[in-house]
Amino acid sequence: MGLGNFCVEPYFSNLRNNMTELVGVLAAVAAGVPQHHYGFYRENFASTLPPDAKYVSQEVARHCIIQARLLAYRTEDPKVGVGAVIWARGQSAVCRGTGCLDFVGCGYNAYPAGSHYAEYPQMDNKQEDRQRRKYRYIIHAEQNAITFRSQNIKPDELTMLFVTKCPCDECVPLIRGAGITHIYTSDHDRDKDKGDISYLRFSTLKDISKFVWQRNPSISSGTSSHLANGCIGKHSRQPEQEYGNKKLCTKNTRASPTVS
Ligand SMILES: Nc1ccn([C@H]2C[C@H](O)[C@@H](COP(=O)(O)OP(=O)(O)OP(=O)(O)O)O2)c(=O)n1
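Residues numbered from 1 in each chain as written. Predicted model: local features only at pLDDT ≥ 70, side-chain atom pairs only at ≥ 80, totals over all residues. Heavy atoms only, no water.

### Considerations on the site of the ligand
Next, step 1: Around the ligand, 20 residues are found, and the nearest of them are D77, K134, E142, K194 and Y199.
Next, step 2: Interatomic distance of 2.6 Å between a side-chain N/O atom of D77 and an oxygen atom of the ligand.
Next, step 3: Here K165 contributes a side-chain N or O atom positioned 2.8 Å from an oxygen atom of the ligand.
Next, step 4: Protein chains shield 87% of the accessible area of the ligand, which is 590 Å² for the free molecule.
Next, step 5: Split into classes, the residues belonging to the shell around the ligand amount to nine nonpolar, three polar and eight charged. (Near = heavy atom within 4 Å. Polar contact = N/O pair within 3.5 Å; in protein donor to acceptor, adjacent residues only side chain to side chain. Areas by Shrake-Rupley, 256 points an atom, 1.4 Å probe, with all protein chains shown as cover. Nonpolar A, V, L, I, M, F, W, Y, C, P; charged D, E, K, R; others polar.)

### Some details on the environment of V104
Next, step 1: Relative to the helices and strands, V104 resides in strand β4 (residues 102-108).
Next, step 2: Distance from V104 to N152, taken between C-alpha atoms, is 7.1 Å for residues 48 residues apart in sequence.
Next, step 3: If we skip the residues at most four places from it in the chain, V104 touches I86, W87, A88, R149, S150, Q151 and I153. (Helix = DSSP H or I, 4+ residues; strand = E, 2+ residues; numbered from the N terminus. Contact = heavy atoms within 4.5 Å.)

### With respect to the pattern of salt bridges
Next, step 1: Under the criterion given, the structure shown has six salt bridges.
Next, step 2: We note a salt bridge from R176 to D207, for which the minimum N-O separation is 3.0 Å. Note that R176 is positioned in helix α5 (residues 171-178) and D207 in the loop between β6 (182-185) and β7 (209-215), a separation of 31 residues in sequence.
Next, step 3: A relative accessible area of 40% places R176 in the partly exposed class.
Next, step 4: Note that D191 and R190 form a salt bridge whose closest N and O atoms lie 3.9 Å from each other. (Salt bridge = Lys/Arg side-chain N within 4 Å of Asp/Glu carboxyl O. Buried < 20%, exposed > 50% of the residue type's maximum accessible area, 1.4 Å probe, protein only.)

### Remarks on the confidence of the model for the chain
Next, step 1: Across the chain, the average pLDDT comes to 79, with 75% of residues at or above 70.
Next, step 2: Segment residues 222-254: pLDDT under 50, and 81 contacts once partners within four positions in sequence are set aside and those in other chains are kept.
Next, step 3: Confidence metrics for the complex model read pTM 0.79 and ipTM 0.92. (pLDDT = per-residue confidence, 0-100.)

### Some details on helix α1 (residues 10-31)
Next, step 1: Spanning 22 residues, α1 covers 31 Å between terminal C-alpha atoms, matching the ideal 32 Å at 1.5 Å per step.
Next, step 2: Buried within α1 we find A27, A28 and A31. For α1, the arc enclosing every buried residue in end-on projection is 100°, short of the 170-degree limit, so these residues lie on one face. What points out from α1, more than 90 degrees from its buried face, is the exposed set Y11 and L26.
Next, step 3: Tucked into the core, α1 has its buried residues touching α2 (58-72). (Expected span 1.5 Å × (residues − 1). Arc of directions from axis to C-beta.)

### Points about the sheet that holds β4
Next, step 1: Spatial strand order, β1-β7-β6-β5-β3-β4: six strands in an open sheet with mixed pairing. Across the chains shown, the open sheet's two edge strands, defined by having one partner strand only, are β1 (38-42) and β4. Strand-to-strand, the axes of this sheet are offset by a mean angle of 20°, without reference to chain direction.
Next, step 2: Direction of pairing for strand β5 (residues 158-163) relative to β6: parallel, over a ladder of three bridges. Its bridge partner being in β6, M160 is matched across the sheet by H182. (Pairing = 2+ DSSP bridges. Axes fitted to C-alpha atoms, helices over the stretch in contact; angles between N-to-C directions.)

Here's what the structure looks like:
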């Protein structure tokens, strides 16, 4: 059989579909993203993603956050991994990438893309600096994704950022300035002021559509949807028994970063 027939021959086409599904399941497990009952919902919990061409489906949104969570494992922060991917819905009718979206950029919290090994100290070297900001040279996932994107963000295109941790106060203006119109994130640390890093601006952002990863509000449960945000890592707030693999680390060492 020639390679040309590979996609159309029924046996191989079934095999391909099965393999695609398998890879999807493995990626979801590796990323620690629950298969059921969780998704991205508007932050006021009142509405689910509408079946509108303006928005991506839950399936595609879930796929994108899995990508971001897998990227988070590449972090250079010894404690917390954060991943971000940016996708745009282009004007052209041609369907190219994930869910007919065009890939714009991706990043994780690490030294700026392109920096060389040991170019920056891991921590600030003066004690007083260290107390203020430990990993000053590590830039945020969103900053890496925006700065080192492979395509421009076009004002007439719907551009979506998927990030595994709530954008901080330094990243919010960058995200808005870059022209991103939709943010899909978790509510970890949201509304917190943690000294060297604060997360207060996200809630006040008005001109960007925000979707928060959480339990499906339409499923009645004893657990508050806000508490059970479906994320896995050291900030996870869902009951321990709900997901056995809650603490998913990159390596089996004590110093391994958690993915947030
Ligand atoms: N939207 C975000 C939020 C954070 N980070 C990065 C910055 C840090 O490298 C790491 C940890 O951020 P925090 O200090 O807020 O997280 P923790 O509270 O877990 O860390 P610590 O306990 O050290 O304060 O995540 C990121 O890339 N993108």
